[in-house]
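Here's the letter readout for the chains.
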Amino acid sequence: MIPIEPLTTMIRWQDIIDILLNAYILFRLYVLFRGTQVMRVVAGLAFLWLFQLVASQMGLVVTSWVMQGIAAVAALIIIIVFRNEIRNVLQAQNMRAILWGFPRKNTLTPVDILTESVSELSRGRIGALIIIPGKEDIKDKVQGGVEWHGLISKEMLLSIFWNGNPVHDGAVVIEGRRITRVGTILPLSLRQDLPERFGTRHRAALGLTQNSDAMVIVVSEETGNIILAKGNEIIDIHDGQVLRHNLRRHLGIGQDSVKGVKRESLELAAAGLVCLLCIIAVWFSFTKAMDTLRVIEVPVEFTNRKADLDIFGTSASNIRLYLIGAGPLIKHIQSDQVKVSIDLSQAEIGTNTFNLSAKNISLPPGIRLNRMEPVVLTVSVDKLSSKRIPIQVDWVGSPPAGMRLESAVLSPSTIRMVGASRQLEAIDTIYTEPVDIGKLSSSGTFHTKLLLEPASAQIADGEADRIEVTYIMRERTPL
Amino acid sequence: MYFRLVCTGILLLAVMGTFSSGFAQNPQKQVLSLEQAVVCEDIEDFRPVNPGLAFSIENGSIICFTRFAVISRETFIWHRWYRKGELVAEKQLVLKPPQWSTYSLIQLREFDKGPWRIDIVDANDQVLTTLRFSVIE
């Protein structure tokens with residue numbers, strides 16, 4: 001059973017930075033995209049993800065699978081569908097605005113001038129179509145027209161929609177204090193439930209508002225009636241005050257600007273808190289759900305070895321680690337993320353014993369060590385040296401009948417070996433491969449290979465691993 | 001008078017020199033002249049029989065024979081027998097002036113097959129020579 005740890009030992013300072021950083025990133029994304037349809041789709045996807053979790057818990061296999069598939073491609077969907085919105089947010093704002101600025105809602109649009117102008121247009125039965133975009137970019141939803149960027153004034157609006165003006169049939173786009181575009185063509189709504197009194201202008205207004213967060217003011221040329229379209233909603237305007245009120249609401253201008261700022265600040269603070277809580281929840285679910293055990297074998301790395309010392313043997317080359325952590329984290333552990341290292345800076349010549357502990361183990365964040373095997377490791381450390389060692393032929397078999405092996409001359413008779421000084425001290429003879437004496441003739445010469453034991457001792461450079469043996473056989477004197 | 005003093009002085013120096021060299025010399029340390037060292041199957045008339053490098057286990061025993069030419073005073077040597085590098089027998093043998101031959105013998109057992117060596121070591125633990133051979137089938 002895994003013991004429950006106090007919070008102070010569970011959370012490291014790196015974890016706090018991790019949480020704060022990600023919460024801030026999430027918060028910044030909210031600040032940049034709030035009010036756009038991206039946020040609505042993200043919320044929808046979050047709902048899908050939750051739904052998938054619930055479906056999975058309930059054992060709804062197909063539903064869970066489908067939801068999982070949708071959630072998996074969600075990022076792709078967002079990028080493809082909302083590429084323009086994302087581009088606008090990132091292009092329109094400078095680095096400061098992206099990283100820590102708080103863009104306030106547009107309060108520059110002169111509502112009074114607009115209200116007066118619309119009333120004047122209505123009184124004169126001059127048809128008009130005025131677009132006041134929200135947060136979303138409408139460039140892809142409108143067509144044609146002429147860019148202008150002129151300051152708003154009642155006279156200019158009246159003149160644009162004057163019957164003789166070549167652009168009077170199109171719509172004007174108002175952004176801030178300026179009329180940015182005139183004579184713009186809007187898509188027509190395909191709704192069947194619209195009243196018969198609504199003409200092309202009304203359909204055009206709804207065609208845009210149904211697909212964006214823009215507000216459109218329509219002045220009927222026939223009746224002089226004013227309507228306001230937003231989303232699927234159509235509001236008949238009979239009073240300038242109502243128009244002013246709706247315009248202010250759309251533009252985010254409160255009755256009291258201080259109150260509005262306060263409310264916006266509160267909204268941002270709440271969003272920040274939600275972001276923080278979301279990241280904390282995600283962090284805990286990913287890093288502290290110690291529900292999965294995994295056993296991996298990791299090779300031991302030896303560090304800080306003295307330059308003149310070499311490692312000539314270890315009791316184990318791999319350590320078996322029993323790791324626990326959240327399933328997703330445990331599953332994705334890469335071999336290079338887990339390290340077992342032993343500091344050899346204090347190692348002396350001979351056999352060194354090391355008691356392994358968590359200090360020797362390097363794990364990725366969120367993964368904990370349960371236990372390991374072995375916990376004691378011995379490392380033989382020695383200086384590399386060389387030694388000339390005599391060679392001896394390992395004779396085997398039986399000599400030819402009545403014969404004896406009288407003498408043999410080895411060339412070379414010694415060989416220089418390199419290896420651990422202690423190991424070399426213990427080696428007094430290098431033997432050849434077994435040589436069957438029964439296959440030898442009365443006298444002669446043969447070549448044979450050397451057997452290297454222990455394997456860690458090596459023949460020095462320039463020395464051959466074969467020797468020549470010249471031998472003499474004589475008749476054996478019967479005893 | 002001067003002649004007597006000089007002669008006495010020379011005599012004293014000679015005596016002191018003799019004493020000092022006598023004290024400085026280690027009584028154990030004498031140079032041994034190893035004339036013959038072989039491993040053989042038997043010894044007959046103080047001579048090794050069938051010396052060689054490979055001996056059948058069926059012989060039952062093997063002998064290390066050593067002959068020294070010049071021995072100034074009584075001393076001893078060691079025959080150290082190693083099987084595959086492991087010391088299995090160590091025999092101290094006395095050497096007497098002026099010449100001496102001596103040997104050591106070991107009985108062979110089935111598991112004694114393999115490479116052997118014998119270190120011939122003097123009283124000062126100096127290896128005089130090493131004999132290498134194999135015990136075969």
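Residues numbered from 1 in each chain as written. Chains lettered and ligands numbered in written order. Predicted model: local features only at pLDDT ≥ 70, side-chain atom pairs only at ≥ 80, totals over all residues. Heavy atoms only, no water.

1. Digging into unusual backbone geometry
Move 1: Omega for the bond connecting Glu-373 of chain A with Pro-374 of chain A falls within 30 degrees of zero, at -10°, which places this linkage in the cis form.
Move 2: With respect to the helices and strands, the residue Pro-374 of chain A is situated in the loop between β14 (368-373) and β15 (376-396).
Move 3: Between Pro-97 of chain B and Pro-98 of chain B the backbone carries a cis peptide bond, its omega angle lying at 0°.
Move 4: You can see Pro-98 of chain B is positioned in the loop between β7 (86-95) and β8 (100-107).
Move 5: Despite not being glycine, Asn-304 of chain A shows a phi value in the positive range, around 55°.
Move 6: In this structure, Asn-304 of chain A sits in the loop between β8 (292-303) and β9 (309-314). (Helix = DSSP H or I, 4+ residues; strand = E, 2+ residues; numbered from the N terminus.)

2. Details of the pairing of strand β10 (residues 318-325) of chain A
All names here are of chain A.
Move 1: Of all eight residues making up β10, six are buried, and the element is well covered by its neighbours.
Move 2: Summarising the sheet, β10 and β14 pair through five bridges and their orientation is antiparallel. Counted as the bridge partner of Tyr-322 is Arg-371 from β14. (Buried < 20%, exposed > 50% of the residue type's maximum accessible area, 1.4 Å probe, protein only. Pairing = 2+ DSSP bridges.)

3. Quick look at the sheet that holds strand β19 (residues 443-449) of chain A
Residues and elements named next belong to chain A.
Move 1: Taken in spatial order, the three strands make up an open sheet running β16-β21-β19, and their pairing is antiparallel. On the outer flanks of this sheet lie β16 (403-411) and β19, each paired with one strand and no other. Mean inter-strand twist for the sheet, computed between neighbouring axes without regard to direction, equals 30°.
Move 2: Sheet topology note: the β19/strand β21 (residues 466-475) ladder contains seven bridges and is antiparallel. Considered in β21, the bridge of Thr-445 is made with Thr-470. (Axes fitted to C-alpha atoms, helices over the stretch in contact; angles between N-to-C directions.)

4. Points about the interface of chain B and chain A
Move 1: Taken together, the 19 residues of chain B in the interface contact 22 residues of chain A.
Move 2: Interface area, chain B with chain A, both sides summed: about 1,600 Å², of which 49% is carbon and sulfur.
Move 3: When the buried surface of chain B facing chain A is broken down by residue, Asn-50, Leu-53 and Arg-132 of chain B rank first, second and third, together holding 34% of it.
Move 4: Taken together, the links from chain B to chain A amount to two salt bridges.
Move 5: Between Asp-428 of chain A and Arg-117 of chain B there is a salt bridge, with its nearest N and O atoms 3.0 Å apart.
Move 6: On the surface where chain B and chain A come into contact, there are 13 residue pairs in polar contact (both at pLDDT 80 or more).
Move 7: Mapped onto the side of chain B that touches chain A, the elements with two or more residues apiece are β9 (114-122) and β10 (127-136) of chain B.
Move 8: In terms of residue class, the side of chain B that touches chain A is built from eight nonpolar, five polar and six charged. (Contact = heavy atoms within 4.5 Å. Buried area = accessible area lost by both parts, 1.4 Å probe. Salt bridge = Lys/Arg side-chain N within 4 Å of Asp/Glu carboxyl O. Polar contact = N/O pair within 3.5 Å; in protein donor to acceptor, adjacent residues only side chain to side chain. Nonpolar A, V, L, I, M, F, W, Y, C, P; charged D, E, K, R; others polar.)

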